[in-house]
Amino acid sequence: MTSTTPFIEVRDAHKSYGQLEVLKGIDLSVDKGQIVAIIGPSGSGKSTLLRAINELDPLDKGEVWLEGMQVNKPLSPRAYEQHINMVRQQIGMVFQHFNLFPHLSVLENITMAPKLLKNLSDEDARDLAERQLKKVGMLDRIDYYPSKLSGGQKQRVAIARALAMEPKVMLFDEATSALDPELVEEVNLVMKQLAEEHMTMIIVTHEMGFAEDVANRILFMDGGVVVEEGPPEVIFHSPSNERTQGFLSKHLQGRNP
Amino acid sequence: MGLDFSVVPEFSDFILIGALYTFGITLAGAFLSFFGGIAFSVIMLYGHWSIRYPIRFFSWLFMGTPLLLQLFLIYFGLVQIGIDIPAVVAGIIGLGLHFAVYNSDIIQAGILAVDKGQHEGARTLGMSRLQTFRYVIIPQAVRDVVPPIGNNMIALLKDSALVSVIGVTELVHASQLAISETFRPFEFYITAAVLYYAINLIMETGLRRVERKIEASR
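In this text the structure is predicted, and so the values were computed from the model without any measurement.

Novice: Help me understand the side chain of Thr111(A), please; the structure alone is not making it clear to me.
Specialist: Structurally, Thr111(A) can be placed in helix 3 (residues 106–118). Other than its neighbours up to four places away in sequence, Thr111(A) contacts Ala125(A), Arg126(A) and Ala129(A).

Novice: Looking at this structure, I do not really get the interface of chain A and chain B. What am I missing?
Specialist: The extent of an interface is frequently quoted as the accessible surface area lost upon association of the parts. Taken residue by residue, the interface counts 26 residues in chain A and 22 residues in chain B. For the pairing of chain A and chain B, the buried interface totals around 2000 Å² over both sides, and the portion due to carbon and sulfur atoms is 57%. Measuring nitrogen to oxygen at the nearest pair gives 3.7 Å for the salt bridge that ties Arg129(B) to Glu81(A). Viewed at the interface, chain B and chain A are joined by eight residue pairs in polar contact (both at pLDDT 80 or more). Counting only elements with at least two residues in the side of chain A that touches chain B, the list comes to helix 2 (77–88), strand 6 (91–94), helix 3 and helix 5 (151–163) of chain A. Taken together, the residues of the side of chain A that touches chain B break down into 15 nonpolar, six polar and five charged.

Novice: Just checking my understanding: could you explain the sheet that holds strand 3 (residues 35–39) of chain A for this structure?
Specialist: Two modes of strand pairing occur in sheets, parallel and antiparallel, and in both the strands are linked by backbone hydrogen bonds. Residues and elements named next belong to chain A. Taken in spatial order, the six strands make up an open sheet running 6-7-8-3-9-10, and their pairing is mixed. The open sheet has two free edges, formed respectively by strand 6 and strand 10 (225–230), since each of these has just one partner strand. Sheet twist, expressed as the mean angle between neighbouring strand axes with direction ignored, is 20°. Looking at chain direction, strand 7 (residues 169–173) and strand 8 (residues 200–204) are connected through five bridges and run parallel. Across the sheet, Leu171 pairs through a bridge with Ile202, a residue of strand 8. Sheet strands in contact with helix 1 (residues 46–53) are strand 3, strand 6, strand 7, strand 8 and strand 9 (217–222), and its direction is about 150° off that of strand 7.

Novice: So what exactly am I meant to see when it comes to helix 2 (residues 49–64) of chain B here?
Specialist: One turn of the α-helix equals 3.6 residues, which is why residues spaced by three or four share an orientation. All names here are of chain B. With 16 residues, helix 2 extends 21 Å from end C-alpha to end C-alpha; this agrees with the ideal 22 Å at 1.5 Å per step. For helix 2, the full list of buried residues reads Ile55, Ser59 and Phe62. Here the buried residues of helix 2 occupy an arc of 75° about the axis, which is enough to place them on one side. What points out from helix 2, more than 90 degrees from its buried face, is the exposed set Trp49, Trp60 and Gly64. On its buried face, helix 2 is in contact with helix 1 (12–46), helix 3 (67–80) and helix 4 (87–113).

Novice: What's the story with helix 8 (residues 171–182) of chain B in this structure? I'm lost.
Specialist: Residue and element names in this part refer to chain B. Along its twelve residues, helix 8 runs 16 Å from first to last C-alpha, staying within 8% of the 16 Å computed at 1.5 Å per residue. Here helix 8 has its buried residues at Leu171, His173, Ala174, Ser175, Ala178 and Ile179. Considering only its buried residues, helix 8 is in contact with helix 1 and helix 9 (185–216). With a side-chain oxygen lying 3.2 Å from the backbone nitrogen of Val172, the N-terminal cap of helix 8 falls on Glu170. Phe183 sits one or two positions beyond helix 8 and adopts a positive phi of about 55°.

Novice: Mind showing me how you'd approach the packing of aromatic side chains here?
Specialist: Two aromatic rings are characterised by how far apart their centres lie and by the angle between their planes. Summed over the entire model, instances satisfying the criterion amount to twelve aromatic pairs over all chains. Taking 6.3 Å as the distance between ring centres and 55° as the angle between the ring planes, the aromatic pair formed by Trp49(B) and Tyr53(B) counts as tilted. Taken as a pair, Trp49(B) and Tyr53(B) lie in helix 2 at a separation of four residues, close to a single helical turn. Where Tyr75(B) meets Phe76(B), the ring centres are 4.9 Å apart and the plane angle is 65°; that geometry is what we call edge-to-face. The partly exposed category is assigned to Tyr75(B), whose relative accessible area is 22%. Following the ring pairs from residue to residue traces out a cluster consisting of Phe57(B), Phe58(B), Trp60(B) and Phe62(B). Geometry around Tyr144(A) places Arg141(A) over its ring, the cationic atom sitting 4.9 Å from the centre. Geometry around Tyr135(B) places Arg134(B) over its ring, the cationic atom sitting 4.5 Å from the centre.

Novice: Would you take a moment to explain the sheet that holds strand 5 (residues 69–70) of chain A for this structure?
Specialist: Residue and element names in this part refer to chain A. Taken together, four strands build an open sheet; the order of strands is 2-1-4-5 and the sheet is antiparallel. Of all strands in the sheet, those with a lone pairing partner are strand 2 (20–30) and strand 5, marking the two edges. Here strand 4 (residues 61–66) runs beside strand 5; their pairing, made up of two bridges, is antiparallel. Counterpart to Leu66 in the pairing with strand 5 is Met69. Set on the sheet, helix 1 makes contact with strand 1 (8–17), strand 2 and strand 4; between it and strand 2 the angle comes to about 60°.

Novice: Explain the nonpolar core to me, please; I cannot follow it from the model alone.
Specialist: Side chains that are nonpolar tend, in soluble globular proteins, to be buried together. Core analysis: the largest hydrophobic core is formed by 50 residues, its most contacted members being Ile39(A), Leu133(A), Ile159(A), Met170(A), Phe172(A) and Met201(A). Core analysis: the next-biggest nonpolar cluster, separate from the first, contains 38 residues, Leu125(B), Val142(B), Leu157(B) and Phe188(B) among them.

What counts and how
- Residues numbered from 1 in each chain as written.
- Chains lettered and ligands numbered in written order.
- Predicted model: local features only at pLDDT ≥ 70, side-chain atom pairs only at ≥ 80, totals over all residues.
- Heavy atoms only, no water.
- Helix = DSSP H or I, 4+ residues; strand = E, 2+ residues; numbered from the N terminus.
- Contact = heavy atoms within 4.5 Å.
- Buried area = accessible area lost by both parts, 1.4 Å probe.
- Salt bridge = Lys/Arg side-chain N within 4 Å of Asp/Glu carboxyl O.
- Polar contact = N/O pair within 3.5 Å; in protein donor to acceptor, adjacent residues only side chain to side chain.
- Nonpolar A, V, L, I, M, F, W, Y, C, P; charged D, E, K, R; others polar.
- Pairing = 2+ DSSP bridges.
- Axes fitted to C-alpha atoms, helices over the stretch in contact; angles between N-to-C directions.
- Expected span 1.5 Å × (residues − 1).
- Buried < 20%, exposed > 50% of the residue type's maximum accessible area, 1.4 Å probe, protein only.
- Arc of directions from axis to C-beta.
- Phe/Tyr/Trp six-rings, centres within 6.5 Å; stacked < 30°, edge-to-face > 60°.
- Lys NZ or Arg CZ within 6 Å of the ring centre and 35° of its normal.
- Core = buried A, V, L, I, M, F, W, Y, C linked by side-chain atoms within 4.5 Å.

Right, dumping it as structure tokens:
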């Protein structure tokens, strides 16, 4: 691997659901420590692209690379299962609907995977969980069950759960879309804090203000292609493409220029 | 001629041993029916057809025929092909498999009702298909079906009386033997009914404890 190899690279990504072509040949490369926000209208393929990176929605055609290793290697089913589990340990993901395990406490939600996959002792796993919960400000809820938490608290625990695997990159799939407006900020703060720690992140979001604040690079997708990409100040303030302009004028209404 | 329960104490050891048999057979049968139910449901949902079809055939056999016939088949039938199982064990197997088939139906529905996001949540952490199933899907599926499975366990307790026909001296059979010596059916049948009620209470208490524990995590 040379120093010019990107940290994460997607090459010529194609994906269809039946007749519907969702990704029409997308290229994306992300450097270590970079924070990329993907914006665009519903159905533009942004979530599909994100979910292709850890093979939740495998591509029909194209390649995904993480640190010089191909994620979607063609392998026998048995070898693939082993390979993909190893790859996914290095890619954290946060979902719109949290996907916490309701039958487990906050502590158990976080320690299950490290205990199973890294053979951590109960004590070490608890230490790890306490560290991550402290980071997201949820240490005082360590023995709660998810059902007793607010949406924002659930999402912060979900972030802590992903971080406990010590991933190289974090994927956020509309992490605040399901939250009540007053709960969005606490989750955004945690993500900003991760950004300050130079965690590599790819964020699919509908929140333009947050994207502008936190990302180094914005990708605007529409109709399965990347229409325009660039630094936030360019994309949000002087986009060159008409579709980007149209989309943003709808989404930035009411905000000061 | 009025009721006279003074005849009962003389047979109390005998009756209590019968009740213990009933309790033991029920517990063992419930255990088998629960884990058998999980195994059947997993095979029915995800198994290769070469194993799914035989299980489907057994399901049909155990749902479509009387438990009495199944007990006869296991105890008297299998001997003919050289499989000699003690009566108590044959009873446990018969009850266990019979109710495993019913539990399997319930657990299958429970597995299918677990949100797809749970699978994705576990898999993105790097957990294998099997780990996801064992630690995330099954516990939630089982948790959601505890009440109907509990009902099956109570039904299993009552149906355990049927193993008397293959010669196990459980509670009903023990009562009958006592009656044949004393000619006091009413007293002994009522005693048996009270003991069934007591076992029921024990099982319901256990079940409620499980349900409460589950409720805490909701």
